[in-house]
Amino acid sequence: MSNKQSIPFLDLASLHQELEGELVPVFQKALRTAAFIGGQMVEEFESEFARFCEAEHCIGVSSGTDAVRFALTAAGVQPGDIVLTVPLTFIATTEAISQAGARPDFVDVSPRTYTMNPEKLRQYFETNCALDRETGRMVHRTHRRPVTAVIPVHLYGQMADMDPILEIAGRYQLTVIEDACQAHGAEYFSKKENRWRKAGSMGHAAAFSFYPGKNLGACGEAGAVTTNNEILAKVVRMLRDHGQVRKYYHEIEGYNGRLDAIQAGLLHAKLRHLAEWNQKRREAAGRYHELLGKLTASLVLPFEPSWSRAVYHLYVVSTAERDELQKHLTESGIGTGIHYPIPVHLQKPYRSQGFSEGDYPESENAAAQVLSLPMYPGLSAAQQERVVEEIARFGEVVKSPVANRPAAKA
Ligand SMILES: *Cc1c(COP(=O)(O)O)cnc(C)c1O
């Protein structure tokens, strides 16, 4: 075993070595002009990324977390409002809700796609809320607060089922902010519009993260808001820059949440490769699917509905033996990840809000069973074969009667 090469969960260094020739001139250009904040490099990236997302506006900001927060505030979410999202996400989604002054509440995910279950969203309003005739808004019966926005999370690179979510949001006057931080380039077939739509173009606004490990990653921290709404775009532009419309003329109090020019330049250079990288991820996912599909092990593979073209930010399998499988792969030199081990409603900061185990069973199940396998554009077929071989070997150990393990649950 020791002669086998280890396979990292993510290989960022090789990718950046290959791009050095394109990235170094960006640094040099920024150094020579000393235009570090704002300016042409930021504007050029913004317009290219808007085009990539098929959205009208893109506003570069300092992180995905700020992108969610600014989008919520710009969309008019008020302190005290309730904003809905899913428990199976990175905590940044709910942090941004709290930072916007609102209170996060949850709708469970669908077990097959791990994204927001529209039926549960409908039930949330039918069961937990009542119409306030004065404002025309839905108010939570026990919290006595208006529910004003919903954040579907396009998890692992696959978009949430947007048609019914948008339909329900329309009925209850909700703002829809897509958390597209894991879904640069993902697509959704809207039956309603009879066409494919890009992540970041469907909600009132969307948040992207360019954290280095994302499908499009900066060489540092960065994020963006996309929207088709000009006024919302204008407010996000103010919020990221101390609420000013021009230097020292402040309309509102804002934040220091701008996108660095150097990061914008680097992102612009990398954006030219994004479609090809996403295609490679899709091919790698297809290969995993074929190889893992042949195994008898009770492993649940990612499900891509006919309305989805996922970009596989992560390739996530699910098994009741998750922890043992992860240990086996680690010992065999194969890197894996868990996204995420604790659903957000059970994380410490939200304990005081009265959530308990069992509230969102599908998210809790996923948290106990999901495992992310190595996935990046440069992952080779041979590396994938080795990953699958090790999973097959683990499957045999599990089934062996001498192994003395609890039986795998169906
Ligand atoms: C990465 C991520 C974020 C936050 O992005 P940052 O750039 O790290 O602030 C938010 N939501 C989801 C789903 C993410 O994966």
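Here's a quick rundown of the structure. Note that the structure is a prediction, hence the values are computed from the model and not measured.

Among the structural elements, His140 can be located in strand S5 (residues 137-140). Residue classification places His140 among the buried positions, given a relative accessible area of 7%. From its side chain, His140 meets the backbone nitrogen of His143 in a polar contact 3.1 Å long. What His140 contacts, discounting residues up to four positions off in sequence, is Ile82, Asp105, Tyr124, Asn128, Cys129, Arg145 and Val147.

With that out of the way, let us pick up the packing of helix H2 (residues 40-53) against helix H8 (residues 261-293). Running from N to C, H2 and H8 point in directions that differ by 25°, and their axes come no closer than 7 Å. Viewed along their axes, H2 and H8 adopt a mutual orientation that is roughly parallel. Here H2 and H8 pass one another in a crossing that is left-handed. Here Met41, Val42, Glu44, Phe45, Glu48, Phe49 and Phe52 of H2 lie close against H8, whose contacting residues are Ala261, Ile262, Ala264, Gly265, Leu267, His268, Leu271, Leu274 and Asn278. Looking at the contact of H2 with H8, its residues break down into 11 nonpolar, 3 polar and 2 charged.

Bringing the sheet that holds strand S1 (residues 57-61) into the picture now. On the basis of which strands lie adjacent, the open sheet formed by 7 strands has the order S1-S11-S10-S7-S6-S2-S3 and mixed pairing. For this open sheet the edge positions go to S1 and strand S3 (103-106), each flanked by a neighbour on one side alone. With direction set aside, neighbouring strand axes in the sheet form an average angle of 25°. Taken together, the 4 bridges between strand S10 (residues 205-209) and strand S11 (residues 223-227) define a ladder with antiparallel strand orientation. Note on S11: the bridge partner recorded for Ser209 is Gly223.

Every second residue of strand S16 (residues 370-373) is oriented toward a common face, with Val370 and Ser372 on one face and Leu371 and Leu373 on the other, all of them buried. Inspection of the sheet shows strand S15 (residues 315-318) paired to S16 by 4 bridges, in the antiparallel sense. Residue pairing for S16: Val316 is matched across the bridge by Ser372.

Looking at the ligand, there are 13 residues lining it, with Gly64, Thr65, Gln182, Ser209 and Lys214 nearest. In the model, an oxygen atom of the ligand is placed 2.6 Å from a nitrogen or oxygen of the Ser209 side chain. Here the ligand has 380 Å² of accessible area as a free molecule, and 93% of this is covered by the chains. Put simply, the ligand lies in the largest pocket. Counting only elements with at least two residues in the shell around the ligand, the list comes to helix H3 (64-74) and helix H4 (92-99). Residues that form the shell around the ligand fall into these classes: 4 nonpolar, 7 polar and 2 charged.

Let us look at the layout of surface pockets. Counted as a void, the largest pocket has a volume near 540 Å³. Lining the largest pocket are 26 residues; nearest its centre among them are Phe90, Tyr211, Lys214, His313 and Tyr340. Those elements that place two or more of their residues in the lining of the largest pocket are H3 and H4. In terms of residue count, the dominant contributor to the lining of the largest pocket is H3 (3 residues). Each of two domains, domain 1 (14-271) and domain 2 (275-403), supplies a minimum of three residues to the lining of the largest pocket.

This part is about the packing of H3 against H4. The interhelical angle for the contact between H3 and H4, taken along N-to-C directions, is 40°, at an axis separation of 8 Å. In terms of axis orientation, H3 runs oblique to H4. Like other packed secondary-structure pairs, H3 and H4 cross with a definite hand, here right-handed. Residue-level inspection shows Thr65, Val68, Arg69 and Leu72 of H3 in contact with H4, the latter providing Ala92, Thr93, Glu95, Ala96, Ile97 and Gln99. Its residues assigned to classes, the contact of H3 with H4 comprises 5 nonpolar, 3 polar and 2 charged.

In this section: the sheet that holds strand S9 (residues 195-198). Strands belonging to one sheet form pairs held by backbone hydrogen bonds; the direction of such a pair is parallel or antiparallel. Strand order across the open sheet formed by 3 strands is S9-S8-S14, with antiparallel pairing between neighbours. Each of the sheet's edge strands pairs with one partner strand only, and the pair in question is S9 and strand S14 (308-309). Examined bridge by bridge, strand S8 (residues 187-190) and S14 share 2 bridges and lie antiparallel to one another. Its bridge partner lying in S14, Glu187 is registered against Arg309.

Cut-offs applied
- Residues numbered from 1 in each chain as written.
- Predicted model: local features only at pLDDT ≥ 70, side-chain atom pairs only at ≥ 80, totals over all residues.
- Heavy atoms only, no water.
- Helix = DSSP H or I, 4+ residues; strand = E, 2+ residues; numbered from the N terminus.
- Buried < 20%, exposed > 50% of the residue type's maximum accessible area, 1.4 Å probe, protein only.
- Polar contact = N/O pair within 3.5 Å; in protein donor to acceptor, adjacent residues only side chain to side chain.
- Contact = heavy atoms within 4.5 Å.
- Axes fitted to C-alpha atoms, helices over the stretch in contact; angles between N-to-C directions.
- Parallel < 35°, antiparallel > 145°, perpendicular 65-115°, else oblique.
- Left-handed = near helix turned anticlockwise from the far one by under 90°.
- Nonpolar A, V, L, I, M, F, W, Y, C, P; charged D, E, K, R; others polar.
- Pairing = 2+ DSSP bridges.
- Near = heavy atom within 4 Å.
- Areas by Shrake-Rupley, 256 points an atom, 1.4 Å probe, with all protein chains shown as cover.
- 1 Å grid on protein atoms, 1.4 Å probe; cavity = no way out; pocket = protein on both sides within 12 Å on 5 of 7 lines; lining within 4 Å.
- Sits in = over half its atoms within 2 Å of the grid points.
- Points joined across faces, edges and corners; volume = space filled by probe spheres on them.
- Domains from an automatic or database assignment.

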